[in-house]
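Observations on the model geometry
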Amino acid sequence: MTVKKNSAPILSMTGFANSETRFPAGLLLIELRAVNHRYLELNVKIEDSLRQFEALVREQLQTKLGRGKVECRLSLKSDSASSNKLALNTAMVTQIAQTLKSLHQHFAEAQPVNLVDIFKLPGVLQTEAVDTETLAQSVQSGLSQAIDELIAARQREGEKLKQVLLDRLQGVREQIAIVKPLLPQVIQQYQEKLTAKLREAMQADDDRVRQEIVLYAQRTDVDEELARLNSHITEMDRILAAGGPVGKKLDFLMQEMNREANTLGSKSVAIETTQVSMQLKVLIEQMREQIQNIE
């Protein structure tokens, strides 16, 4: 008994995500924007206080993302809920107290020093230093959350793109279904018209006319093109059902399908087949445009 494997999701290369991670010094803000690209191109914009984590950020992005042009922004923001705690610099305060005591011996009648003025002196009050390891964990956690959200957004968009492709693929099937039953009648009518013209122009015997008709019929036969189109449709169905990073495979199939549609048009001997060829090329181009956004 064969077990059917679950298909992998199809991902768009377009998406947006952000995250806010709270840590003792405030909020870590991370924003990700992605658009389509042939390869993975990272543009990391990070403020100076976080510059030490740039290599970590790039590694994490490269591990989880495939194709796409991705812009990543990281910044720190202080807020009232997580404002930096102030700590008293006891060494400096002790030194100031000793200095004031000595001065008081010389200026006994001087006004007492205002404590608020002492607090304003540089270095008396200090903010607690942010632990590097804690900040690194915040960066990793926040970035992981943002990447997961980006992948989820790309997956949702990928499902929409997949449905668009399936709809256009059904359109291709319908065009083939239109032209295939017409071919014998179209070819027969054209052969009769061509036979009359050849007899009139060549004044040849029937054998010569039949030879010319057979040669021209071979050049205008589109059965192979239609068979290959059906084969490409089957392969595209299989690829879409399997899912995963299928963008490049689908793009190659579009080139092959467009080649068959062009050949169908060049071999056309009737307005019906010409119209089908044009409609096929429109549908294929619409699919190709959507495929450019698929990872």
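Everything below is about the structure printed above this text.
Described in the following lines is the structure provided in the data block.

Cut-off values and rules
- Residues numbered from 1 in each chain as written.
- Predicted model: local features only at pLDDT ≥ 70, side-chain atom pairs only at ≥ 80, totals over all residues.
- Heavy atoms only, no water.
- Helix = DSSP H or I, 4+ residues; strand = E, 2+ residues; numbered from the N terminus.
- Buried < 20%, exposed > 50% of the residue type's maximum accessible area, 1.4 Å probe, protein only.
- Contact = heavy atoms within 4.5 Å.
- Areas by Shrake-Rupley, 256 points an atom, 1.4 Å probe, with all protein chains shown as cover.
- Salt bridge = Lys/Arg side-chain N within 4 Å of Asp/Glu carboxyl O.
- Pairing = 2+ DSSP bridges.
- Axes fitted to C-alpha atoms, helices over the stretch in contact; angles between N-to-C directions.

Moving on: the overall build of the protein chain. From N to C terminus, the protein chain includes eight helices and six strands. Taking all 295 residues of the protein chain together, 33% fall into the buried category. Sequence-distant contacts, at least 24 apart, represent 80% of the contacts inside the protein chain between residues at least 6 apart. Accessible surface computed for the protein chain: about 18300 Å², of which carbon and sulfur atoms make up 51%.

Let us now look at the pattern of salt bridges. By the definition in use, this model includes 16 salt bridges. Between Arg 33 and Glu 31 there is a salt bridge, with its nearest N and O atoms 3.1 Å apart. What makes Glu 31 partly exposed here is its relative accessible area of 24%. Each of Asp 48, Arg 51, Glu 54 and Arg 58 takes part in salt bridges that share partners, so that together they form one network.

This part is about the pairing of strand E2 (residues 26-35). Pairing geometry for strand E1 (residues 15-23) and E2, over nine bridges, is antiparallel. Among the inter-strand pairings, Glu 20 is bridged to a residue of E2, identified as Leu 29. By the bridge criterion, nine bridges tie E2 to strand E4 (residues 68-77) in an arrangement that is antiparallel. Counterpart to Arg 33 in the pairing with E4 is Glu 71.

Once that is clear, we can look at the sheet that holds E1. Spatial strand order, E1-E2-E4-E3: four strands in an open sheet with mixed pairing. The two strands at the open ends of the sheet, each matched to only one other strand, are E1 and strand E3 (40-46). Within this sheet the neighbouring strands show an average axis-to-axis angle of 15 degrees, counted without direction. The pairing of E3 with E4 spans seven bridges and is parallel. Within the sheet, the bridge partner assigned to Leu 40 lies in E4 and is Gly 68. Along the sheet face, helix H1 (residues 54-64) touches E2, E3 and E4 and points at about 150 degrees away from the line of E3.

It is worth stressing that arrangement in space is one thing and function is another; only the former is reported here.
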